[in-house]
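# Architecture at a glance
Here are the chains, one letter per residue:
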Amino acid sequence: MRSTMQDARLGVARLLRHAARVTAAAQVVAQGPDGRSRGTLGVLAARAGQLADALSRRGIGTGEVVASFASASPEHLEAYLAVPALEAVLHTLNIRLHDDQLAGMAVEAGDRAVLVDGALAPRFATLAPRLAGGPIRLVIVTGTTDPSPFPGLDVETIGYETLLAEGEPRIDWPDPEENAAAILCYTGGTTGLPKGVAYSHRSLWLQAMSLCTANSLGIGQHEVILPAVPFYHVNGWGIPYAAMMAGATLVLPGTQFQPAVLNPLLDEEGVTLAAGVPTIWTDVLAAREAAGLPAPPRLRRLSMGGAPVPDTLVAAWGRLGVETSTAWGMTETSSMSVIGRPSAQRAEPGRLVCGLELRVATLDGVPLPADGATPGEVQIRGPWVTGGYFRSDSSDGFQDGWLRTGDIGTLDASGRLRLTDRVKDAIKSGGEWIPSLPLEEAIREHPAVRDVAVIAAPDPRWQERPLALIVAGDRFDPAELIRFLEGRVAKWWVPAHWAEVPALPRTSVGKADKAAMRRMLANGELTIRTAASRTSA
């Protein structure tokens, strides 16, 4: 028997119409370089429809890819609606990755156009020459009416508002096929090059709905949400679409996630729910304490994820009357998949959200008991979990239909997950992965380096920072190595901590034994030298 229900597709075009007609009164507040702007979701939706129409007139259609080089801005939010509603694909470029990686992604994805946040134009200028000769034919820059072309990228360059004027505010876009790609996002590249994940219209819709449930973030129309998460980072953890679905107020920090921006937004806009990596909320809290500020007047909850959340941080915010819920997820799972109950004392184990399935297994794929005590590799599957990678036929990272997350943890009978370790040797610094293997390869290119291994060292601010163990030749100068790495890797990858060793410890099969290196670090067996390095892009 078939149901009697209408065949109505889920997706971003439906969300655009909902934002224009139902949640239109919801407020959108944005911090920009020239101050704070205010608008409504209805106006934003109308502009998104206008952007879609303008792009359509420019030949962007079904399956075409439009990249974004932007952070948490209204224009980026408009592109979140416009591009997928047009049946095109929005490719959110992670501005913190290395230019060579970004250029490779643009070619692989076939980016036809790119939306550049005007505040990030100097950063984009370093990438632009590497895009020459690629598929990009149009650069759209926000914050200016008549931008000049970027040196080295001789393609048409137009101001965002000028392009917008070419379209009509059309919101009646037909619903794309549910399983068609809507947004393309690349992983952080924990081993080797980043990999593309193409989210479907259906997966985005379902993940946004999950964030609105009470056992998740409970996003509703009365929330005032500050996502201190770049929109290029796993779709802003899914919060933008969930907020538009619920009609919540969105407070956007723009390109700056520093306390000088976030604290006034928390206080003056009456934020009730904020989200971000622990490093951000450590800095925000320290700045408030240094300035003698009380708790933000309406803030009830912080959602932290992307890195281990220290109990001391949870307790410090708890003393201000703010509870913390911890979240776990990854690019492959559309971000938040396991969310802990709010606590004012400690980081609670997270509980799997409805719609997904979780298991722990041996590295050979043998399921282990969900007894809360037996550790194994965390594996996940469900309707907003990727089943493969963009333009890849490889089954690496998957096992019998389950995504292998590379995390080690325990799972109990009620679906609560506690992470205990990681299979991979990447470093998670401030919520962002720093892959050890490409970093080691870059360091190894220096003539003074005979061998190198990079492991994570604890850091009071960033949770983890890279520590490079060097087998050197006749000379070893950390400052020189830092200068050498400039332009070879992202600035925030560069280690500040270095240790010279006569040889790297190795396993019985000759691989570098990073477990032994971590023990050496913990036991104080390494003489660590520190040199200044930048930790932000």
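Attention in this report is confined to the structure presented alongside it.

About the criteria used
Residue numbers here run from 1 along each chain, matching the order of that chain's written sequence. Totals for whole chains, interfaces and linings use all residues, but because this is a predicted model, local features are given only for residues with pLDDT of at least 70 and pairs of side-chain atoms are given and counted only at 80 or more. Values shown for side chains rest on all heavy atoms present in the structure; no hydrogens or waters enter the calculation. Pairing of aromatic rings covers Phe, Tyr and the six-membered ring of Trp, with a centre-to-centre limit of 6.5 Å; geometry is then stacked below 30 degrees between planes, edge-to-face above 60, and tilted otherwise. The numbering of helices and of strands both runs from the N terminus, where a helix is a DSSP run of H or I of at least 4 residues and a strand a run of E of at least 2. When accessible area is computed with a 1.4 Å probe and restricted to protein chains, residues below 20% of their type maximum are described as buried, those above 50% as exposed, and intermediate ones as partly exposed. For a ring to carry a charge above it, either NZ of a lysine or CZ of an arginine must fall within 6 Å of the ring centroid while also lying within 35 degrees of the normal to the ring plane. In these notes, a set of buried Ala, Val, Leu, Ile, Met, Phe, Trp, Tyr and Cys residues joined through side-chain atoms within 4.5 Å is what counts as a nonpolar core. Note on definitions: a residue-residue contact is assigned when non-hydrogen atoms from the two residues lie within 4.5 Å. Salt bridges are counted wherever a side-chain nitrogen of Lys or Arg sits within 4 Å of a carboxyl oxygen of Asp or Glu. The criterion for strand pairing is that DSSP finds at least two bridges linking the strands in question. Axes here refer to lines fitted to C-alpha atoms; in helices the fit is confined to the stretch in contact. Angles between the N-to-C directions go from 0 to 180 degrees.

Moving on to the packing of aromatic side chains. Following the criterion strictly, the structure yields seven aromatic pairs and no others. With a centroid separation of 6.4 Å and an interplanar angle of 85°, the aromatic rings of Trp 281 and Trp 317 are classed as edge-to-face. One end of the pair, Trp 281, is in helix α10 (residues 278–291); the other, Trp 317, is in helix α11 (residues 311–318), with 36 residues separating them in the sequence. We classify Trp 281 as buried; its relative accessible area is 0%. The interplanar angle of 55° and the centroid separation of 5.6 Å between the aromatic rings of Tyr 389 and Phe 398 together place this pair among those described as tilted. A relative accessible area of 12% means that Tyr 389 is categorised as buried. By the ring-pair criterion, three or more aromatic residues cluster together here, those being Phe 69, Phe 124 and Phe 150. Here the basic side chain of Arg 170 rests over the ring of Trp 173, its NZ or CZ set 3.9 Å away from the ring centre. Positioned above the aromatic ring of Tyr 389, the side-chain terminus of Lys 195 is 5.1 Å from the ring centre.

A word on the nonpolar core. The biggest cluster of nonpolar side chains holds 112 residues, and the ones touching the most others in it are Leu 81, Ile 219, Leu 226, Tyr 241, Trp 281, Trp 317 and Leu 358. Looking at this core element by element, the count peaks at eight residues for helix α2 (residues 41–57). If we ignore the near neighbours within four places in the chain, the residues touching Trp 281 are Leu 226, Ala 228, Leu 266, Ala 274, Ala 275, Gly 276, Leu 302, Ser 303, Met 304, Leu 313 and Trp 317. Grouped together as the second largest cluster of nonpolar side chains are 29 residues, Leu 93, Met 105, Ala 121 and Phe 124 included.

If you check the backbone angles, Glu 87 has positive phi at about 70° while not being a glycine. For Glu 87, the location among the structural elements is in the loop between α3 (74–85) and β4 (89–92). Among the residues examined, Glu 87 registers a relative accessible area of 30% and is labelled partly exposed.

It is worth spelling out the pattern of salt bridges at this point. Counting across every chain of the model gives 26 salt bridges. Close ionic contact of Arg 58 with Glu 166 constitutes a salt bridge, the shortest N to O distance being 3.0 Å. Taken together, the positions of Arg 58 in the loop between α2 and β3 (65–69) and Glu 166 in the loop between α6 (160–164) and β8 (181–186) put the pair 108 residues apart, joining distant regions of the chain. Across the pair Glu 445 and Arg 488 runs a salt bridge, and its minimum N-O distance is 3.5 Å. Residue Glu 445 is found in the loop between α12 (436–444) and β24 (449–459), and its partner Arg 488 is found in the loop between α13 (478–485) and β26 (497–500); the two are separated by 43 residues along the sequence. Note on Glu 445: relative accessible area 53%, which makes it exposed. Taken together, the salt bridges that share partners define one network made up of Arg 36, Arg 38, Glu 268 and Glu 269.

What follows concerns the sheet that holds strand β6 (residues 138–141). Read across the sheet, seven strands follow the order β7-β6-β5-β3-β4-β8-β9 without closing on themselves; strand pairing throughout is mixed. With partners counted over all chains shown, the strands left at the sheet margins are β7 (156–159) and β9 (196–200), one partner each. On average, each strand axis in the sheet is tilted by 25° relative to the strand beside it, whichever way the strands run. Summarising the sheet, β6 and β7 pair through four bridges and their orientation is parallel. Counterpart to Ile 140 in the pairing with β7 is Ile 158. Contacting β3, β4, β5 (111–116) and β8, α3 crosses the sheet at an angle of about 145° to β4.

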